[in-house]
Structure formats: structure tokens, C-alpha cells
Amino acid sequence: MFQKHPLGPVFLAYLTGVLLHRVGGDLVGPYLGLVGTILVGRWLLSRFPWNLLLSYFLILASGYFQTGIHSRPAKEFLSPCKSNPTLWRGKLLSAPIQLDPGAKWRARIKLLSCRSGNHWLPIESGRTRPTPWVEVSDSSLARGDSVQGVLEIESYSGRQHFWENKLPGFKRYKVKSNFGMIRYRNGLFSSLGLGKLQAQLSAALRKSLEPTLAGVLLAIVVGEKRYLSPEVRKKWADAGVAHLLAISGLHLGLLCVFVWWTTMTLVVFIPRFPEYFCVRTLSCVTTLGALIFFCWWVGSPVSAVRATVMCSFALVGNLWGGNALSWNGLFLAALLILMARPLALEECGFWLSFVSSGALLLFMNSDGINRGMKLKRWLYESINISVITGLCTA
């Protein structure tokens, strides 16, 4: 299997490094000793692939140290400004939300600096940066926008994260009162007009549709699941289709098919275009761009990143005459996510997404995709996919 899918050992080596750090340092010494013994055995076995093993060992070490950097406990937050309340600056981590009609807009921000006299004092490097919910000026703000406003911050006791348990007397903070945060610098999302477009789309759906239906559509189209009530989430979970609310392979696959065939259909009507350019290549490039844009549009969750990488592999494989589905796509997606966010390994969504996709690759035959799909075979494959996905996410 690994001879046909060389990214498998690379991913497993990096995953081993991440797991070694998360399990604890007790296993590191014996493991390094074992690897050293195997490398010394290279002198005894002339054909032993010591250089390949050394490469995997370096990948393992990079996974171990990268996880150490991301999981390093931060120091307790200390406000650089003595006065409270005071003027703060921060960056939006999510789009504003309005749970009740007429209520004020609220969003989660990351505090960066506060105003003292004529200077902005940043939070010291290495210290925890609070991410409280605050009231914002309007709904046109988007994630990545820089905002400022007067906040009064106080500490409170609440559920602690794993890294907070390592800090004695660690405190969490929330905003006791604020007077509305306003934007002073646009992020990339707002600079392209996408933040305003998302706000208008959200407002139009919530105004014209029933709240439950609007919440479901916003979760699928925008990736905004905060408008889903707990009752709706429970009903979807009881029905075994809760995975449809998360942007994943189903949504990216439908988008991929739509953009591909729309581009193919429109381009052939351009006079003399198919004679000088490859329509298939243009459709592939256009679809790849649409997949990457949509993944960014919905906030790049784990399931969307995994689906984007695997769909890209399917497009390139189809273009070059290879298999549409490949384990390499799954391994590469997992490797890229762990390299950027090693602590995603502790998230339930990470395992649900990759276990269900791995089960589909294991039990389904990708060769049939390149052949004509008759109705009977299509129904059979659809039932198999639904059953396998339901069992893996139950």
C-alpha cells in the first residue's frame, strides 16, 4: 500500500512525533534509543535503507518539536494599562452575530493592546491574549478586521483548557462592560468586500426564511452554525445526519461538479477557443480556484480543508489520467492540518472527518468512477456511502 501511496509513511512519522509529545516524555527516550539502534544496524546490513529511515526520523522530530511550540503554556494575562476601563484594540476572530431581532451585534475578538496616555501598549509576548465576546458597531465587520473601543475587563472562574491546568492560580477574563467596538482597519476579507457580502446574505436569509431553515442554510452556505438552536442540532444528530451541517466532502464535491461542468459548457460556445486551448485544463484550474475560495469563505474548518485537498487530488488525477480517489490526498490533508495546528489531533471533528473519509477509501472502489455510472450502480454506491459515513460518525 505504501509503495503506491508514499505520503502514508510521511504522515505516520509526523503523527508519531505529535503523539509522542502529547502522550508524554516518558516514551521519547526509549523510542530515540530504538531508532539509534536501528541506524547503527546499518553497518551490519549493507542494503538497509538507513537514509530513508533517517528522513522519517527527522520528520518525526519535526512533528514532536512543532507540537511543543503550539502546546507551550502561555503566561497569565497581565494588562499593560493600569486604568480599567480603558481603550483597547483587538482583531475579530469571527463574524458578528445577532441572536435576537433588535439585539446588539456581538463578536469574539483577540485583545492585542491598550491605550495609556499617548501610546499603545501591547500585551507582552508569551502571555495569554483574552478572546472575550464584545459588542460591535455593526454587522458589516468580518473576521480579521481590527477594532478598537473602551472595555472593562474582569477575571472569573470557568472551565479551563488543558494548558491552563499547568499554571497555578490561572485566571480567565471576560468583558464586564463595553461601549461598542468600531473598526479602524480592514482585514483582507473585508478589503475584498466579502465581509459585507456575508453580512447581507445572512440578513437576507434570516429575514425571508423561517429561523430553523435560515440557520441550516447559513451553516451550509457560509459555515456559520451559531444560528442553529440546540433543539435543531439534537434532531439532526438523532437522525444520523449531523455531519451534513459541517462543510465537508459532500458540499465541496457538489461545488466541484457544478463549477467543472458549468465551465466546460460555457467555454465550448466561445468561437475558436477549444481549437487553441485545452478546455479540460481550464475547467480543472477554475474548479481548483473555486474550491480554495469556498474553503476560505467558510473559515477553513478541518473538514473543509480535508475535502479541498482530496477534491484537488481527484481533479489532478482525472486530468492526468490517474485514480480520482487516492490515499495520498487523505494523507496530505492530514499532514498539512497537523503541521499548521498539531493540537487539532485532540479535536473530535478531526477524527470524525478523517475516519469517515478513510473508511470510504477503504471500502469503496475508485475505479468505478472512471466508467459510466448507470442508475443501478449509482444507487448502490450512494447507499454504501451513506451507510459507511453514518457508521463512522455515529
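Residues numbered from 1 in each chain as written. Predicted model: local features only at pLDDT ≥ 70, side-chain atom pairs only at ≥ 80, totals over all residues. Heavy atoms only, no water.

K.L.:
So what's going on with the side chain of S353? Which residues, and what values?
P.N.:
Locating S353 in the fold gives a position in helix α13 (residues 348-363). Judged by relative accessible area, which is 6%, S353 ranks as buried. With residues near it in sequence (within four places) discarded, S353 still touches S303 and R306. (Helix = DSSP H or I, 4+ residues; strand = E, 2+ residues; numbered from the N terminus. Buried < 20%, exposed > 50% of the residue type's maximum accessible area, 1.4 Å probe, protein only. Contact = heavy atoms within 4.5 Å.)

K.L.:
Give me the lowdown on the pattern of salt bridges, citing residues and values where you can.
P.N.:
Applying the stated rule across the entire model yields 3 salt bridges. The partner of E135 in a salt bridge is K104, and the shortest N-O contact between them spans 3.6 Å. Taken as a pair, E135 in strand β4 (residues 133-135) and K104 in the loop between β1 (86-92) and β2 (106-116) lie far apart in primary sequence, 31 residues in all. By relative accessible area, K104 is classed as exposed at 58%. With a shortest N-O distance of 2.9 Å, R183 and D145 are connected by a salt bridge. (Salt bridge = Lys/Arg side-chain N within 4 Å of Asp/Glu carboxyl O.)

K.L.:
Now, about the environment of T86: what can you tell me, with residues and values included?
P.N.:
Mapped onto the secondary structure, T86 falls in strand β1. T86 gets classed as buried once you look at its relative accessible area, which sits at 8%. For the pair formed by T86 and G149, sequence separation is 63 residues and the distance between their alpha carbons is 8.2 Å. From its side chain, T86 meets the backbone oxygen of R115 in a polar contact 3.2 Å long. (Polar contact = N/O pair within 3.5 Å; in protein donor to acceptor, adjacent residues only side chain to side chain.)

K.L.:
Got a sec to walk through the state of the cysteines? Specific residues and values, please.
P.N.:
Applying the stated criterion across every chain, the model contains 1 disulfide. Shown here is the disulfide that connects C81 with C114, its sulfur atoms set 1.9 Å apart. Measuring the twist about the S-S bond at about 105°, one finds the C81-C114 disulfide to be right-handed. Note that C81 is positioned in the loop between α3 (50-70) and β1 and C114 in strand β2, a separation of 33 residues in sequence. Taking relative accessible area as the criterion, C114 reaches 0% and is therefore assigned buried. (Disulfide = S-S within 2.5 Å.)

K.L.:
Just give me the short version of the nonpolar core, but keep the residues and values in it.
P.N.:
The biggest cluster of nonpolar side chains holds 40 residues, and the ones touching the most others in it are W88, I109 and L151. Elements supplying a minimum of two residues to this core: β1, β2, β5 (146-156), α5 (194-208), α8 (249-267), α10 (279-297) and α11 (302-319). Of the residues forming this core, the biggest block, 5 residues, is contributed by α10. Once residues within four sequence positions are removed from consideration, I109 is found in contact with K91, L92, L93, P130, T131, P132, V134, V147, L151 and M181. V18, V309, M310 and L338 belong to the second largest nonpolar core, which has 21 residues in total. (Core = buried A, V, L, I, M, F, W, Y, C linked by side-chain atoms within 4.5 Å.)

All quantities given are derived from atomic positions and should not be read as evidence of function.
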